[in-house]
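# Breakdown of the fold
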Amino acid sequence: MMNILIIDDHPVVLDGTKTLLQDLANVHIETEQDSAAVLSRMDTDTFQLFLIDINMKPINGIQLSEMIKKKQPDALIILYTGYELSDYYELLIEKKIDGLLSKLATKEQVIQTIQAAIRGEILLAADFLDFVQQRTNLPNVQQEVLLSDKEQEILQLVAQGCTNKAIASAIGVTQRTVENYLSKLFVKLNVESRAEAVIVAKEKAWIN
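Residues numbered from 1 in each chain as written. Predicted model: local features only at pLDDT ≥ 70, side-chain atom pairs only at ≥ 80, totals over all residues. Heavy atoms only, no water.

- The protein goes by Regulator in an unreviewed UniProt entry, where it is assigned to Lysinibacillus boronitolerans JCM 21713 = 10a = NBRC 103108.
- Here the protein is described in UniProt, under the heading Subcellular location (unreviewed entry), as follows: "Cytoplasm". (UniProt positions renumbered as here; feature names shortened; annotations may be inferred.)

## Some words on the environment of Asp149
- Relative to the helices and strands, Asp149 is located in helix H7 (residues 149-159).
- Expressed as a C-alpha distance, the spacing of Asp149 and Glu179, which sit 30 residues apart in the sequence, is 17 Å. (Helix = DSSP H or I, 4+ residues; strand = E, 2+ residues; numbered from the N terminus.)

## As for the UniProt feature "domain: Response regulatory" (unreviewed entry) in the protein
- The positions that UniProt labels "domain: Response regulatory" (unreviewed entry) are, in the present scheme, residues 3-118.
- In this annotation, residues 3-118 is assigned 36% helix and 22% strand; the end-to-end C-alpha distance for the span is 11 Å.

## Some details on the sheet that holds strand S5 (residues 99-102)
- Here five strands make up an open sheet; going across it, the order is S2-S1-S3-S4-S5 and the pairing parallel. This sheet does not close on itself; its edge strands, each paired only once, are strand S2 (27-32) and S5. Averaged over all pairs of adjacent strands, the angle between strand axes in this sheet comes to 20 degrees, irrespective of strand direction.
- With four bridges joining them, strand S1 (residues 2-7) and strand S3 (residues 49-53) adopt parallel strand pairing. Pairing of Ile6 across the sheet is with Leu51, part of S3. (Pairing = 2+ DSSP bridges. Axes fitted to C-alpha atoms, helices over the stretch in contact; angles between N-to-C directions.)

## Structural notes on the side chain of Asp98
- Along the chain, Asp98 turns up in the loop between helix H4 (89-93) and S5.
- The exposure class assigned to Asp98 is buried, which follows from its relative accessible area of 18%.
- Within polar-contact distance, the side chain of Asp98 engages the side chain of Lys69 at 3.2 Å.
- Residues contacting Asp98, with those up to four places away along its chain left out, are Lys69, Ala75, Leu76, Ile77, Ile78, Leu92, Ala117, Glu121 and Ile122. (Buried < 20%, exposed > 50% of the residue type's maximum accessible area, 1.4 Å probe, protein only. Polar contact = N/O pair within 3.5 Å; in protein donor to acceptor, adjacent residues only side chain to side chain. Contact = heavy atoms within 4.5 Å.)

Here you go:
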């Protein structure tokens, strides 16, 4: 019997995802809304696979995945998101996660992705090969991270000490959109915190 923990701070999505997985054989499924409570649960409960929403707070899915892997290196982790999967392909290459899912995925795609992870395989979108090829073919001097104007603007506001709520107001988006931007930036810059992101951005002269 494999124990799976689904982690999402939206109760409706959490329940819907659990329902999708009811047909999986030989699995026991539990859920958790509070990302900060997951690590303490691991002290008393054993889970072999974690299905984690990327965009959560106070700890986002990427940060939580790293924490879980440090505590349980053999844990299987699948991230799911409502945004572009390609933004997180680097995590697969670095072997920080074991699968990616879109929140628009069908029931069959969700089950197949989980079954693949259990077998030690990764079910990938077709454009992943294009991503790997482009990454491989680029000379080292050209493998510099490129940021959009919006990403640089957000980093500048972060450097000024603005909260996510203040940043959202300043650039005219929702707070959750800002959180998504920051999650992507952490992946791009290979950092784990706002402070580290600011340091890297200043070193690269992306911000003042």
